[in-house]
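Examination of the molecular architecture
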Protein chains: 2
Amino acid sequence: MSKIKPRTFKGARDFLPEDMLHRERILQVMRDIFKKYGFDPVETPAIEYLDVLTGKYGEEADRLIYRLNYKNGTKDEAALHYDLTVPFSRMVAMHPELNLPFRRYQMQPVWRADRPQPHQGRFREFYQCDVDCIGTDSMIVDAELIAITHEILSVLKIPGFLIKINNRKILNGISEYIGAGDQFSDIYTSIDKLDKVTWTEVEAELKEKKVPSSAIEKLHSLISKELTLDALKNELKNIEIAQHGIKEVEEVISYLKILNVPESHYKFDVSLARGLDYYTGTIVETKLPAYPHIGSLNGGGRYNGLIASFGGKDTPAVGISMGLDRIFTAMQQLNLIEEVKTATKVLVGNFGKETLEASLKLVAYLRANNINTEFYPEDAKLKKQFSYCDKKNIPYMCIIGESELQENKISLKKMKDSTQVSLSLEDIAAAIL
Amino acid sequence: MSKIKPRTFKGARDFLPEDMLHRERILQVMRDIFKKYGFDPVETPAIEYLDVLTGKYGEEADRLIYRLNYKNGTKDEAALHYDLTVPFSRMVAMHPELNLPFRRYQMQPVWRADRPQPHQGRFREFYQCDVDCIGTDSMIVDAELIAITHEILSVLKIPGFLIKINNRKILNGISEYIGAGDQFSDIYTSIDKLDKVTWTEVEAELKEKKVPSSAIEKLHSLISKELTLDALKNELKNIEIAQHGIKEVEEVISYLKILNVPESHYKFDVSLARGLDYYTGTIVETKLPAYPHIGSLNGGGRYNGLIASFGGKDTPAVGISMGLDRIFTAMQQLNLIEEVKTATKVLVGNFGKETLEASLKLVAYLRANNINTEFYPEDAKLKKQFSYCDKKNIPYMCIIGESELQENKISLKKMKDSTQVSLSLEDIAAAIL
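I will try to describe carefully the structure that is included in this document. (Residues numbered from 1 in each chain as written. Chains lettered and ligands numbered in written order. Predicted model: local features only at pLDDT ≥ 70, side-chain atom pairs only at ≥ 80, totals over all residues. Heavy atoms only, no water.)

**Brief notes about the nonpolar core**
A:Phe34, A:Ile327, B:Phe34 and B:Ile327 are the most contacted members of the largest nonpolar core, which has 276 residues in total. In this structure, B:Ile327 is in contact with B:Ile26, B:Met30, B:Leu153, B:Leu156, B:Ile158, B:Leu297 and B:Met322, ignoring residues within four places of it in sequence. (Core = buried A, V, L, I, M, F, W, Y, C linked by side-chain atoms within 4.5 Å. Buried < 20%, exposed > 50% of the residue type's maximum accessible area, 1.4 Å probe, protein only. Contact = heavy atoms within 4.5 Å.)

**Describing the pairing of strand E9 (residues 298-302) of chain B**
Residue and element names in this part refer to chain B. Taking burial as the measure, the five residues of E9 include five buried ones, the bulk of the element. The sheet contact formed by strand E8 (residues 282-287) and E9 spans four bridges and is antiparallel. Bridging across to E9, Ile-283 finds its partner in Gly-301. Inspection of the sheet shows E9 paired to strand E10 (residues 317-323) by five bridges, in the antiparallel sense. Paired with Gly-299 across the bridge in E10 is Ser-321. (Helix = DSSP H or I, 4+ residues; strand = E, 2+ residues; numbered from the N terminus. Pairing = 2+ DSSP bridges.)

**As for the pattern of salt bridges**
Per the counting criterion, the structure on display carries 53 salt bridges over all chains. One salt bridge in this structure joins A:Glu24 and B:Arg31, with 3.5 Å as the shortest N-O distance. Residue A:Glu24 is found in helix H1 (residues 17-36), and its partner B:Arg31 is found in helix H1 (residues 17-36); the two belong to separate chains. Judged by its relative accessible area of 14%, A:Glu24 falls in the buried class. Notably, a salt bridge pairs A:Lys36 with A:Glu151, separated by 2.6 Å at the nearest N-O pair. Of this pair, A:Lys36 sits in helix H1 while A:Glu151 sits in helix H5 (residues 139-155); the two residues are 115 residues apart in sequence, bridging distant segments of the chain. One exposure class covers both A:Lys36 and A:Glu151, and it is buried. Look at the salt bridges and you will find they share partners, linking A:Arg103, A:Glu144, B:Arg367, B:Glu374 and B:Lys392 into a network. (Salt bridge = Lys/Arg side-chain N within 4 Å of Asp/Glu carboxyl O.)

**As for the environment of B:Thr344**
Topologically, B:Thr344 is positioned in the loop between helix H12 (324-333) and strand E11 (346-348). If sequence neighbours within four positions are ignored, B:Thr344 has contacts with A:Gly38, A:Asp40, B:Asn372, B:Thr373, B:Glu374, B:Ile394 and B:Pro395.

**Details of the relation of the copies chain A and chain B**
Note on the copies: chain A fits chain B at an RMSD of 0.0 Å, the axial shift is 0.0 Å, and the rotation between them is 180 degrees. Those values place the two copies in the arrangement expected of a two-fold rotation axis. With an isologous cut-off of 70% or more, the 100% of interface residues of chain A that recur at the interface of chain B puts this contact in the isologous class. (Least-squares fit on C-alpha atoms with pLDDT ≥ 70 in both.)

**Observations regarding the interface of chain A and chain B**
Taken residue by residue, the interface counts 105 residues in chain A and 105 residues in chain B. Buried area between chain A and chain B, summed over both chains or domains, comes out near 9200 Å², and the portion from carbon and sulfur atoms is 59%. If you look at where chain A meets chain B, you find 12 salt bridges. A salt bridge links A:Arg90 to B:Asp14; its shortest N-O distance comes to 2.5 Å. Where chain A packs against chain B, one counts 53 residue pairs in polar contact (both at pLDDT 80 or more). By residue number, the principal contributor to the side of chain A that touches chain B is H1(A), which donates eight residues. Its residues assigned to classes, the side of chain A that touches chain B shows 51 nonpolar, 22 polar and 32 charged. (Buried area = accessible area lost by both parts, 1.4 Å probe. Polar contact = N/O pair within 3.5 Å; in protein donor to acceptor, adjacent residues only side chain to side chain. Nonpolar A, V, L, I, M, F, W, Y, C, P; charged D, E, K, R; others polar.)

**Description of the packing of aromatic side chains**
Counted under the stated rule, the structure contains 25 aromatic pairs over all chains. Through successive ring pairs, a cluster of aromatic residues spans A:Tyr57, A:Tyr82, A:Tyr278, A:Tyr279 and A:Tyr303. The ring of A:Phe15 is capped by A:Arg23, whose NZ or CZ atom sits 3.7 Å from the centre of that ring. The ring of B:Tyr177 has B:Lys218 lying over it, and the distance from NZ or CZ to the ring centre is 5.0 Å. (Phe/Tyr/Trp six-rings, centres within 6.5 Å; stacked < 30°, edge-to-face > 60°. Lys NZ or Arg CZ within 6 Å of the ring centre and 35° of its normal.)

**Description of the sheet that holds strand E6 (residues 162-167) of chain B**
All names here are of chain B. Strand order in the open sheet formed by eight strands is E1-E4-E5-E10-E9-E8-E6-E7, with mixed pairing between adjacent strands. The open sheet terminates on both sides in strands that have one partner only, identified here as strand E1 (40-41) and strand E7 (266-268). Taken strand by strand, helix H5 (residues 139-155) contacts strand E4 (102-111), strand E5 (125-134), E6, E8, E9 and E10, and its axis lies near 10 degrees from that of E10. Sitting on the sheet, helix H6 (residues 168-177) touches E6, E7 and E8, and the angle it makes with E6 is about 55 degrees. (Axes fitted to C-alpha atoms, helices over the stretch in contact; angles between N-to-C directions.)

Put into structure tokens, the structure is as follows:
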């Protein structure tokens, strides 16, 4: 085999056990909470036909879809999924027999041909952990998804997170109010960037999109005021769609109170827009206000028209997506990640032919007692095996040397304080657990 | 949005909860057993640079690699990983600081542009669950991987599986013995197909590869005898590399005995070849002899040269890959998959504004007690909610109607036998658990 320079694809990462053990834990926390709220798992393939994906996210996002070199130019052209919402909607459209309301979670990698920004937790290949409910318009579900967000981030001990809440109907009403009703898609795609770039840049982009200057000015004045829900209700009193959106936000907040989500963790924010085309109602996004350089920990909202776009029945839908990579990056930067190198509890040493059978039997015994056990595979010097165990932070080492074999005992060393005891096989499992 | 025909990519699949709940359980069984044997998790990206993947598997497999439409023709050309072994070897070559021996497991989808054969559990996108150890030549690890295979399939209650064991050194010795020593790669790629096609087809393929007729004849006579290890040792007594391979198989089997792997579940098989180029020693593959149409449940072996091919140090390595999809297909066909539709334990009914707050508080209370609880989001007729609960096989339904609200009680209905009890909030969790 010819020698190749080993390297990872730009914007993609390897995860060693010190990361993976935490990532597995975070996924398990989410999985348990999703199930607790009545959601069941589904999966869709990473590869979708290209036309299934395009035309739902908006032009900017469509350009970021990774295409395969597969039947290019035909209707069978294929690509990697950009998110899990569109594939899930495609799946629902193919399963009219589903018992509605249908609640599902889905945790898989997605791919975006974006400029990677690792410090902000932005990669080309990353996990999304989605939780969605289809088949109901009830704002109770929108509130439950916010409660799920709150519970996951609380269990992970992430401090000071803020779940921002808005509604696309309010944004559509604002577009109408400023006199740019037919350009609402351009407007929210630009507003969405406000937490990354300055107003001047957003303004320039809106001008380029030919939004009239008067409308841009009115928009700025409305957004920069950071209006409360009540003030906005008054300001937009003649805009029917905005009133509808405000009523939905009020309803969501009333349920959050019953579900005991503390008010310090959520907030109505009229400048929250979300970048994707498919949202139609509630939109949410979670930030760490004290760490603005870390991107959103999650985001989502209602997308009532998406499933029908696949020819399915008009099916209301709402969902959020937790970003595993963002959450993990945030936890690292907040020093919430304790160093861990292995899930192994015990290393059983190897001291050559004489004691091999007894040692291997000990290994089998420990495993039969559900203790994560590694056997050192070579007859190396004790010092080398000890140093391996120490470097890997394995808490215990078991030794059966010649003397232990004669006495029918096992030496158990606690690595942390180097204390050692001599035990019989019957006592060893209890000493470790 | 324009209407698009919803469809899944050929050879890829959607998984609804009735499949996913089982798939999650199988993955968890594997994860727990991998950890019990001292293996820790890693992940590598799905996307790799193309040159990282090609030239390791052999020509036939290289053609099955899915390429991205990304910088085609440059050294940055990218592709989807074909297995997890080559990406893992690439990762190891990039991490010379790893504490050896290093044991890892890795469970991710892989992609192959193959002809899908769903009934045999052969897809274009499927999960591999790999478990590998690098940095030691010790046959103890080869035996531990077989013990892992045995334990996983036993816990999953799969009956009658057979782990076939061979060694590439024996196959190389056979190539030498039959006078085709420089064509060993052609020979084992063809032999590998013997469990799918007849000898006549293999013979034709070997002829096409210009293996001399006399060699083909000798090969057939040797393989068709189904020789025992001892008989083969005698037959190949002058072939040094074959003797070395036989000694390794004997050693592995001696450890399997100590590790209590029942002899009925493994067998030396000289016709086991494995299709990939990178193997150098032990090779294994697990079959269900009673169900020959179901493909291998796992496969693997030693690949001592692969890591060095990335410029890393010469690092011995051995691993096996459990096929989640094959195992799941096998369990379905063996009727080992009990019907399950949800992980939800309780549906709390919704009977309108009057009782909404009390019902939602009950939902929050049940979840706080770690009971998977779904709230019916709409104020529908009791019959409709009841039928939803029944269809989804949720075991319990909780009802707070007007009379329950007045009496400060909750009606708990056991769906299986339609029995109903009236309980206070304090007693409800215990009644469900």
